[in-house]
Amino acid sequence: MKKLSARRRHPLAAVVVLLLALACTGGLYVAFAPADKAQAETTAQSLTIDEGKKLYAVGCASCHGTGGAGTTDGPSLVGVGAAAVDFQVGTGRMPAATSQGAQVPKKKVIYTQAQIDQLAAYIASLGAGPTVPTEAQYGPEGADIAKGGDLFRTNCAQCHNFTGKGGALTNGKYAPTLEDVDPKHIYEAMQTGPQNMPSFPDTTLTEKNKQDIIAYLDEVNSDDSESPGGLELGGLGPVSEGLFGWIFGLGGLIAVAVWVAARTAKAKKS
C-alpha cells in the first residue's frame, strides 16, 4: 500500500492518467461517432433512392421498363449514370411527350431539381455511370477560352456550327443551339452523348478540355461579344455567308451593269 501510495504521488502520475483518459476518449469517438455519421448518410441516400424509384414508376417505367431494363419504346437505363438523367430530365426532354419523331426536343421541365436528383440517384443505383458534375468542373474559373475554341471547332462545329447556333442533320435530325444552355447540361451532354451526339469521356476530352469548351461558348454567345466581321448572319458559317455574298454582292454588280448599259443605249438613241 505504501508503494502504491508513493506511485500515486509520483510527479508523472497525473500526466499518465491524463494520457490514458485522452486515449480512451479518442478510442470511443473513433468507434462510435463515424459509424453513426456513415449510417445517417447511408439512410439518407437510401431514402433518396426510394423516392426516385417511386417517381420512376410513375413517369418512366412505361417506356424504360421495370428496373430500367428497357422496352421497345425506350432504351435500357442501366449504367447510363446520374449525369444522363440530370441532362435529359433537367432539359425537359424526358419524359418524352411521344415516341414518334426524329429526336426528342427540349421542352418545359416538369420536375423540380430535388425530384431530378432523386431520379438520378435511383438510376445510378442500377449501374455505375457518369456522375453529375460539380460547378468546379464546368465553371469558367481558370478556363482557356482560346483552347476551348480550337477544341470546339475540331470536335463540335461540324454539327453545332462555329458559334454553337445549331444545324440540320440527316433524316430530320438536328444539332440544337447551345445558346442559353446551362453549362452543367453542356458538360453532361459531352459526358453522356445524348441522342445523335457522340460521347466525349475524359479519355477523349479531359475535364479541363470540357471546361475550356464551355468557357468558349459562353464568350461567343454573350451579349458583350461582337463579330469582328460585322453582321454575323446568324453565325451559320462560310456557306451561308458566301451564298449571301454571291446573291447580293454579285447580283448588285449585275444590276449596276444592266443599269449602265441601259443608260448608255438610251443616250445613244437620243
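Residues numbered from 1 in each chain as written. Predicted model: local features only at pLDDT ≥ 70, side-chain atom pairs only at ≥ 80, totals over all residues. Heavy atoms only, no water.

Draft legend 1. Molecular detail of the overall build of the chain. Along the chain, the regular secondary structure elements total 11 helices and two strands. Going from N to C terminus, the chain has its helices and strands arranged as α-α-α-α-α-α-α-α-β-β-α-α-α. Within the chain, the fraction of its 270 residues that count as buried is 29%. Within the chain, contacts between residues at least 6 apart in sequence are counted, and of these 60% link residues at least 24 apart. Approximately 17,500 Å² of the chain is accessible, and the part contributed by carbon and sulfur atoms is 62%. (Helix = DSSP H or I, 4+ residues; strand = E, 2+ residues; numbered from the N terminus. Buried < 20%, exposed > 50% of the residue type's maximum accessible area, 1.4 Å probe, protein only. Contact = heavy atoms within 4.5 Å. Areas by Shrake-Rupley, 256 points an atom, 1.4 Å probe, with all protein chains shown as cover.)

Draft legend 2. Representation of the environment of Val220. Along the chain, Val220 turns up in helix 10 (residues 207–220). Classification of Val220 by relative accessible area gives partly exposed; the value is 23%. Between the alpha carbons of Val220 and Gly149 there is a distance of 9.3 Å; along the sequence they are 71 residues apart.

Draft legend 3. Region of interest: the state of the cysteines. For the coordinates displayed, the defined rule picks out zero disulfides. Summary of cysteine pairing: Cys156 is not part of a disulfide, and the nearest cysteine sulfur, belonging to Cys159, is at 8.7 Å. (Disulfide = S-S within 2.5 Å.)

Draft legend 4. Region of interest: the packing of aromatic side chains. For the coordinates displayed, the defined rule picks out two aromatic pairs. Where Tyr56 meets Tyr122, the ring centres are 5.3 Å apart and the plane angle is 50 degrees; that geometry is what we call tilted. Placement of Tyr56 in helix 2 (residues 13–59) and of Tyr122 in helix 5 (residues 113–126) is noted, with a sequence separation of 66 residues between them. In this structure, Tyr56 and Tyr122 share a single accessibility class: buried. Here Phe152 and Tyr216 contribute two aromatic rings whose centre-to-centre distance is 5.6 Å and whose plane-to-plane angle is 45 degrees, an arrangement assigned as tilted. Of this pair, Phe152 sits in helix 7 (residues 145–155) while Tyr216 is found in helix 10, placing the two residues 64 residues apart along the sequence. We classify Phe152 as buried; its relative accessible area is 1%. Taking the relative accessible area as the measure of exposure, Tyr216 reaches 9% and is therefore buried. (Phe/Tyr/Trp six-rings, centres within 6.5 Å; stacked < 30°, edge-to-face > 60°.)

Draft legend 5. Region of interest: unusual backbone geometry. Cis peptide bonds are those with omega within 30 degrees of zero, and the linkage from Met94 to Pro95 qualifies with -5 degrees. As for its placement among the helices and strands, Pro95 is situated in the loop between helix 4 (81–90) and helix 5. The phi angle at Asn171 is positive, at roughly 55 degrees, despite the residue not being glycine. With phi around 60 degrees, Asp180 is a residue other than glycine that occupies positive phi space. Turning to its location among the elements, Asp180 is positioned in the loop between strand 2 (174–175) and helix 9 (183–192).

Draft legend 6. Looking closely at a nonpolar patch on the surface. A cluster of nonpolar residues, Leu243, Phe244, Trp246, Ile247, Phe248, Leu250, Leu253, Ile254 and Val258, forms a patch on the protein surface that exposes about 960 Å² of accessible area. Inspection of the secondary structure assignment puts Phe244 in helix 11 (residues 238–269). (Patch = residues over 30% accessible without salt bridge, like charges linked within 9 Å, V, L, I, M, F, W, Y side chains within 5 Å. Salt bridge = Lys/Arg side-chain N within 4 Å of Asp/Glu carboxyl O.)

Draft legend 7. Summary view of the side chain of Glu188. With respect to the helices and strands, Glu188 occurs in helix 9. Summary of buried charges: Glu188 has no salt-bridge partner, and the nearest side chain of opposite charge, Lys184, is 4.8 Å away. At 3.3 Å, the side chain of Glu188 forms a polar contact with the backbone nitrogen of Phe87. Beyond its immediate stretch of four places on either side in the chain, Glu188 contacts Ala83, Asp86, Phe87, Val132, Pro133 and Gly193. (Lys, Arg positive; Asp, Glu negative; His and termini not counted. Polar contact = N/O pair within 3.5 Å; in protein donor to acceptor, adjacent residues only side chain to side chain.)

Draft legend 8. Representation of the packing of helix 7 against helix 10 within the structure. Their axes nearest at 7 Å, the elements helix 7 and helix 10 cross at an angle of 95 degrees. Here helix 7 lies roughly perpendicular to helix 10, going by the angle between them. Of the residues in helix 10, those in contact with Ile145, Lys147, Gly148, Gly149, Leu151, Phe152 and Arg153 of helix 7 are Asn209, Asp212, Ile213, Ala215, Tyr216, Leu217 and Glu219. (Axes fitted to C-alpha atoms, helices over the stretch in contact; angles between N-to-C directions. Parallel < 35°, antiparallel > 145°, perpendicular 65-115°, else oblique.)

Draft legend 9. Inspection of helix 7 at higher detail. Residues Gly148, Gly149, Leu151 and Phe152 constitute the buried set of helix 7. Taken together, the buried residues of helix 7 touch helix 8 (157–160) and helix 10. Between a side-chain oxygen at the N-terminus of helix 7 and the backbone nitrogen of Ala146 the separation is 3.2 Å; the capping residue is Asp144.

Draft legend 10. Structural context of the packing of helix 9 against helix 10. Helix 10 packs onto helix 9 with a crossing angle of 135 degrees between their chain directions and a minimal axis gap of 10 Å. Between helix 9 and helix 10, the interaxial angle falls into the category oblique. Helix 10 is crossed by helix 9, and the crossing has right-handed handedness. Between helix 9 and helix 10, the residues in contact are Pro183, Ile186, Tyr187, Met190 and Gln191 and Glu207, Lys210, Ile213, Ile214 and Leu217, respectively. The class makeup of the residues in the contact of helix 9 with helix 10 is seven nonpolar, one polar and two charged. (Left-handed = near helix turned anticlockwise from the far one by under 90°. Nonpolar A, V, L, I, M, F, W, Y, C, P; charged D, E, K, R; others polar.)

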